[in-house]
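Observations on the three-dimensional arrangement
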Amino acid sequence: MAETNAERILVVGPSWVGDMVMAQSLFQTLKARQPDCTIAVLAPAWSQPILARMAEVDEAIALDVGHGEFGWRARRRVARTLKGRFERAIVLPRSWKSALVPFLAGIQQRVGFTGEQRLILLTERRKLDRSMLDQTVKRFVSLGLSADEARRGDFACPHPRLTLDADNLAALKAEHGLGQRPAIGMMPGAEYGPAKQWPLAHFRSLTERLIAAGYEVRVLGGPKDVEAGEWIAAGLSHAHNLCGKTRLADAVDLLADCRQVVTNDSGLMHVAAAVGTRVQAIYGSSSPLYTPPLTSRADIHTLALTCSPCFERTCPLGHTNCLNQLDPERLMLALQDR
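Cut-offs and rules
Residue indices begin from 1 for each chain and proceed along its sequence in written order. With the structure being a predicted model, the display of local features is reserved for residues of pLDDT at least 70 and the display and counting of side-chain atom pairs for 80 or more, all residues being used for whole-chain, interface and lining totals. No hydrogens and no water enter the side-chain calculation; it runs on all heavy atoms of the structure. Following DSSP output, two strands are said to pair if at least two bridges run between them. Here a helix means four or more residues in a row that DSSP labels H or I, a strand means two or more in a row labelled E, and each is numbered from the N terminus. Inter-axis angles, ranging from 0 to 180 degrees, are taken between N-to-C directions of lines fitted to C-alpha atoms, where helices are fitted over the stretch in contact. Any two residues whose heavy atoms approach within 4.5 Å at even a single point are treated as in contact. Salt bridge, as used here, is a side-chain nitrogen of Lys or Arg placed within 4 Å of a carboxyl oxygen of Asp or Glu. Only protein chains enter the accessibility calculation, which uses a 1.4 Å probe; a residue is then buried when its area is under 20% of its type maximum, exposed when over 50%, and partly exposed in between. Definition used in this section: a nonpolar core is a set of buried Ala, Val, Leu, Ile, Met, Phe, Trp, Tyr and Cys residues joined via side-chain atoms within 4.5 Å. Just so you know how the angles are binned, under 35 degrees is roughly parallel, over 145 roughly antiparallel, 65 to 115 roughly perpendicular, and the rest oblique. Take the far helix as the reference: if the near one is turned anticlockwise from it by less than a right angle, the crossing is left-handed, and if turned clockwise, right-handed. For this classification, the nonpolar set comprises Ala, Val, Leu, Ile, Met, Phe, Trp, Tyr, Cys and Pro, the charged set comprises Asp, Glu, Lys and Arg, and every other residue, Gly included, is treated as polar. Whether a set of points on the 1 Å grid over the protein atoms alone is a cavity depends on a 1.4 Å probe fitting there but being unable to get out, while an open set qualifies as a pocket with protein on both sides within 12 Å along at least five of seven lines; lining residues are those with an atom within 4 Å of a point. Grid points are joined across faces, edges and corners, and a volume is the space filled by probe spheres set on the points. Patches here: salt-bridge-free residues with over 30% relative accessible area, like charges joined within 9 Å, nonpolar side chains (Val, Leu, Ile, Met, Phe, Trp, Tyr) joined within 5 Å. Accessibility throughout is a Shrake-Rupley quantity obtained with a 1.4 Å probe, and a residue counts as covered only by protein chains that appear here. For the purpose of charge, His is not counted, nor are the chain termini; Lys and Arg are scored as positive and Asp and Glu as negative. The atoms used to mark charge sites are NZ of Lys, CZ of Arg, CG of Asp and CD of Glu.

**Some thoughts on the sheet that holds strand β9 (residues 239–241)**
One open sheet holds the 6 strands; their spatial order is β9-β8-β7-β10-β11-β12, and the pairing between them is parallel. Each edge of the open sheet is held by one strand with a lone partner, namely β9 and β12 (298–301). Mean inter-strand twist for the sheet, computed between neighbouring axes without regard to direction, equals 15°. As paired elements, strand β7 (residues 183–187) and strand β10 (residues 260–264) share 4 bridges and run parallel to each other. In the strand pairing of β10, Met-186 is matched with Val-262. Contacting β7, β10 and β11 (278–282), helix α11 (residues 267–274) crosses the sheet at an angle of about 155° to β11.

**Topic: the pattern of salt bridges**
The tally for this structure, following the rule as stated, stands at 18 salt bridges. In this structure, Arg-88 engages Glu-7 in a salt bridge whose closest nitrogen and oxygen atoms are separated by 2.9 Å. You can see Arg-88 sitting in strand β4 (residues 88–91) and its partner Glu-7 sitting in the segment before β1 (8–12), a full 81 residues away along the chain. Across this residue pair, the class does not change: Arg-88 and Glu-7 are buried. Overlapping salt bridges, with partners in common, bring together Lys-173, Glu-216, Arg-218 and Asp-257 in one network.

**Focus: the nonpolar core**
Of all hydrophobic cores here, the largest spans 54 residues; its most connected members are Val-11, Phe-27, Ile-90 and Leu-255. The element that contributes the greatest number of residues to this core is helix α1 (residues 17–33), accounting for 7 residues. Ignoring any residue separated from it by four or fewer positions in sequence, one finds Ile-90 in contact with Ile-9, Leu-10, Val-11, Val-12, Leu-26, Leu-30, Val-111, Leu-143 and Gly-144.

**A word on the packing of helix α8 (residues 200–212) against helix α9 (residues 226–233)**
Orientation of α8 relative to α9, taken along the N-to-C sense of each, is 40°, at an axis distance of 8 Å. Comparing the axis directions of α8 and α9 gives the class oblique. Crossing geometry of α8 relative to α9 is assigned as right-handed. Each of Leu-200, Ala-201, Phe-203, Arg-204 and Thr-207 in α8 lies in contact with α9, whose residues at this interface are Ala-228, Trp-231, Ile-232 and Ala-233. Looking at the contact of α8 with α9, its residues break down into 7 nonpolar, 1 polar and 1 charged.

**Digging into empty space enclosed by the protein**
Considering all chains together, one arrives at 2 cavities of 30 Å³ or more under this definition. As a volume, the largest cavity reaches approximately 80 Å³. If you trace the largest cavity, you find it lined by Ala-195, Gly-284, Ser-285, Cys-307, Ser-308, Cys-310, Cys-315, Pro-316, His-319, Thr-320, Asn-321 and Cys-322. Residues of the lining of the largest cavity, tallied by class, amount to 6 nonpolar, 6 polar and no charged.

**Quick look at a positive patch on the surface**
Positive charge collects at one region of the surface, where Arg-73, Arg-76, Arg-77 and Arg-80 lie side by side. With respect to the helices and strands, Arg-77 occurs in helix α3 (residues 72–82).

**Considerations on α11**
Buried residues dominate α11, accounting for 8 of its 8 residues. Among the residues of α11, those classed as buried are Gly-267, Leu-268, Met-269, His-270, Val-271, Ala-272, Ala-273 and Ala-274. Those residues of α11 that are buried are in contact with α1, α2 (48–51), β7, α10 (248–256), β10 and β11. Directly beyond the C-terminal end of α11, a positive phi value near 90° is found at Gly-276.

Pasting the structure below:
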């Protein structure tokens, strides 16, 4: 068997859905430069379905450690299985513990941003220039480039593109009675906190208008969003609360089947962007300049009040006007304009 000199790269992935989708821009960049390289991603187990939809990822390695948990034994156990398998590690999170597995695995090149005293854990520590690397996706991609290229900041960031499963979509539509009308997706959740969540009453009002206009509405989210989904869809024909009833991989296919989506700045917003569906993105406490949907098919809705973006989980002023004053009629007009 012929030997290969293709580089083997381990990427320590982020812990949030949206960030994991944006990390695909790094994977695409690595493959474009080295088509024969092998990319493995070390990440929480929940991310496996998303990684499976990325053509550039050759292997997904689960790290079964809870969010915020140190998990020394689990990290050491995984590190033992990785010894001798990789030449380079790219550590996307800035925490100390995220750099531990590549260090314990003895991977020779270990690059990441300076943070939390990771002096011995990384062999190349890069200073984060927030003015140059002003978006999350730029920060991820820069770690796959040489230090000189990253410093210049003029590199391209390819848009994520998740693969689809037509058979899974057909099964989902049959199971949940979907597809009788053109579909609009709605994502009322945002894991970060209520300062990123458009009021449920606004989602409900928009849903009523869309159904009257001949659309089917699919409310998508995780188990935490079940009650919100019920609030939006209850008693409305052609409104389907799918929160907690579908897996993350199912959301990929269901969102790709929607004409458009209305969404908070959330992980599912980035999923919708990565399947090519037009996104109506609502921003309150966060900034579309920092975490925009990575697609040319997006409309951004923000009131740009003097108090926003504040980047807080809850409104420090107690009124959340940046979202409450964003009228459903504005979203309806934007949807009809496309």
